[in-house]
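Topology and contacts: notes
This is what each chain is made of:
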Amino acid sequence: MIDHIKKEVRVRMAPSPTGFMHIGTLRTVLYDYFFARQNGGKLVLRVEDTDQSREVGGAVENLLRVLDWSGIVHDEGPFLVSDRIEERGDYGPYTQSKRLSIYQKYVGQLIDAGHAYYCFCTVERLDTMRQKQQKMKQPPMYDRTCLQLELAEILERIDAGEKYVVRMKVPRGKEIIVEDVVRGRVSFSTNTVDDQVILKSDGFPTYHLAVVVDDHLMKISHILRGEEWLPSTPKHIILYEMFGWENPVFAHLPLLLSSDGKKKLSKRDGDVSVEDFMAEGYLPEAIVNFVAFLGWNPGGGQTQEIYSMPALQEIFSLEKVHKSGAVFDRVKLGKINAHYIKNYDTEALFELAMPFMKKFCDRVNMQMDFERIQDRDFLMRVLTVEQERLMKLADFGVENPFFFEDIVLEKELLVWKDATDIQTTQMLTKAEEVLGKIDEDHWTRVYLQEILMETAGEDRGSFLWPLRAALTGEKRSPSPMDCAWVLGKDTSLARIGNAKLLIIPS
Ligand code: GLU
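I will try to describe carefully the structure that is included in this document. As the structure is a prediction and not an experimental result, all values here were calculated from the model.

**Description of the sheet that holds strand 5 (residues 116-119)**
Spatially, the 3 strands line up as an open sheet ordered 5-6-9, and their pairing is antiparallel. Lying at the two open borders of the sheet, with one neighbouring strand each, are strand 5 and strand 9 (197-199). Direction aside, neighbouring strands of the sheet carry axes that sit 45° apart on average. Two elements, strand 5 and strand 6 (residues 165-168), share 4 bridges in a ladder whose sense is antiparallel. When the bridges of strand 6 are listed, tyrosine 117 appears paired with arginine 167.

**Quick look at the site of the ligand**
All residues adjacent to the ligand are Arg12, Ala14, Ser16, Glu48, Tyr207, Val211, Arg225 and Trp229. Here arginine 225 contributes a side-chain N or O atom positioned 2.8 Å from an oxygen atom of the ligand. With the chains in place, 82% of the 290 Å² that the ligand exposes on its own is no longer accessible. By residue class, the composition of the shell around the ligand is 4 nonpolar, 1 polar and 3 charged.

**Here we look at the environment of glutamine 304**
Topologically, glutamine 304 is positioned in the loop between helix 9 (284-292) and helix 10 (309-315). Among the residues examined, glutamine 304 registers a relative accessible area of 42% and is labelled partly exposed. Residues glutamine 304 and cysteine 361 lie 57 residues apart in sequence; the distance between their C-alpha atoms is 37 Å. Within the structure, the side chain of glutamine 304 is placed 2.7 Å from the backbone oxygen of isoleucine 306, a separation counted as a polar contact.

**Looking at helix 16 (residues 445-456)**
Its 12 residues place the ends of helix 16 16 Å apart at the C-alpha level, agreeing with the 16 Å of an ideal helix rising 1.5 Å per residue. Of all the residues in helix 16, the buried ones are Leu448, Ile451, Leu452, Thr455 and Ala456. The buried residues of helix 16 occupy an angular sector of 135° when projected down its axis, which confines them to one face. Looking at helix 16, the residues exposed on the side facing more than 90 degrees away from the buried face are Val446 and Glu454.

**A closer look at a negative patch on the surface**
Taken together, the side chains of Asp439, Glu440, Asp441 and Asp490 present a region of like negative charge at the surface. Along the chain, the position of aspartate 439 falls in the loop between helix 15 (421-437) and helix 16. On the basis of relative accessibility, which here comes to 39%, the residue aspartate 439 falls in the partly exposed class.

Calculation rules
- Residues numbered from 1 in each chain as written.
- Predicted model: local features only at pLDDT ≥ 70, side-chain atom pairs only at ≥ 80, totals over all residues.
- Heavy atoms only, no water.
- Pairing = 2+ DSSP bridges.
- Helix = DSSP H or I, 4+ residues; strand = E, 2+ residues; numbered from the N terminus.
- Axes fitted to C-alpha atoms, helices over the stretch in contact; angles between N-to-C directions.
- Near = heavy atom within 4 Å.
- Polar contact = N/O pair within 3.5 Å; in protein donor to acceptor, adjacent residues only side chain to side chain.
- Areas by Shrake-Rupley, 256 points an atom, 1.4 Å probe, with all protein chains shown as cover.
- Nonpolar A, V, L, I, M, F, W, Y, C, P; charged D, E, K, R; others polar.
- Buried < 20%, exposed > 50% of the residue type's maximum accessible area, 1.4 Å probe, protein only.
- Expected span 1.5 Å × (residues − 1).
- Arc of directions from axis to C-beta.
- Patch = residues over 30% accessible without salt bridge, like charges linked within 9 Å, V, L, I, M, F, W, Y side chains within 5 Å.
- Salt bridge = Lys/Arg side-chain N within 4 Å of Asp/Glu carboxyl O.
- Lys, Arg positive; Asp, Glu negative; His and termini not counted.
- Charge placed at Lys NZ, Arg CZ, Asp CG, Glu CD.

This is the structure:
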């Protein structure tokens with residue numbers, strides 16, 4: 001293992017504001033956060049918006065809201081202060097589009113030192129060049145035509161207003177070693193590294209230049225990022241060398257794989273953005289818990305899967321991050337979420353579930369007034385019962401439509417095994433009598449459980465089955481006691497009455 005903590009730990013998350021937050025980005029940020037907190041370090045947020053064509057309005061605000069939702073607190077960078085973005089920290093600006101003059105200065109330095117050069121090649125010329133290379137089965141690399149230009153010509157063409165980019169001049173025939181905390185030693189030959197554009201014709205830097213300049217100026221000690229960035233790292237190391245700067249420590253985190261473990265996780269496999277999961281009613285505790293295990297576990301034969309954020313922060317270790325890809329197991333995520341929902345304080349869960357309840361009630365055309373105490377009580381009862389099995393909040397109501405809608409009853413469903421119509425009616429009458437005697441104050445979950453189980457006696461099925469069927473019209477549902485509790489006395493008695501009429505019409 002490399003000894004990599006030699007100075008103040010400063011890590012960064014460097015998202016591009018191109019839309020929603022990928023679940024993999026959350027994983028990186030989470031590891032950054034744990035690592036920073038464990039080492040008394042700082043977590044910096046830097047917005048990498050150098051590709052203006054891909055920028056999506058409101059993406060930064062959105063990102064800050066997701067961070068807040070997940071409980072990750074950064075120390076420097078943009079923050080949301082009453083819906084406005086405000087930057088804090090000594091190394092700003094933290095948004096790359098506000099740092100253009102800084103990048104231009106450093107590009108100038110590289111040109112002066114002969115490490116970078118102007119390139120006037122048109123898109124058409126580059127296309128033709130690439131096609132030729134493809135035909136000859138060569139890797140697509142810039143052929144350095146513009147490296148031959150004399151200074152006088154360069155100045156003339158710039159003066160004439162010709163468009164240009166600046167490319168880094170990658171030294172040939174060298175070996176670049178990346179010492180990676182996760183992957184160990186990885187080496188690249190510079191012969192396969194293209195003369196990367198570092199300054200675009202619009203005056204914006206490319207990612208490669210901006211990331212190196214900013215990580216250096218912001219004193220970033222450790223760079224944690226997804227493995228898909230590993231091929232870019234030699235370019236960055238070359239730039240560090242050209243500037244004469246010390247490399248930060250790199251840790252490339254394993255790829256996220258689809259549930260069959262065969263390919264990279266993509267939108268085609270289902271939800272991949274944190275916002276998608278939020279919209280489905282996954283709890284932040286569950287997402288954080290699940291995401292932390294994508295590419296890491298405490299090891300030592302530990303099989304426990306439920307960990308709170310503070311517990312994870314304590315046991316996480318960057319050195320134990322895996323090399324191999326992490327399978328995104330949605331079934332496991334569902335189980336973890338169900339666990340958190342089940343153990344959530346029901347009053348607090350009610351607040352979280354409210355938007356989902358509203359949506360569901362709208363869908364089944366049920367008018368619910370959340371200010372009205374009776375309506376709230378009813379929804380609270382549904383939630384209390386469903387909470388025990390709910391996988392995600394968006395499933396609220398879905399499994400139990402009979403709480404919300406009139407039911408269609410099949411006579412056959414009421415009959416327990418080979419009971420006769422008379423026996424079935426007797427059981428329903430017994431339930432009717434017992435429930436009819438309970439006054440509203442005693443219509444509680446505990447009391448209904450107690451009294452109905454007592455009435456059922458030994459032969460539970462023959463009593464409870466027709467009751468469940470009468471109340472729900474379904475083979476499967478929460479227990480008849482819980483259903484009666486949720487539905488209330490009037491509806492329960494009305495449904496039992498209807499069931500009796502179905503068996504023996506009067
Ligand atoms: N802006 C890059 C991204 O969108 C950052 C990559 C890095 O961490 O260097 O993920």
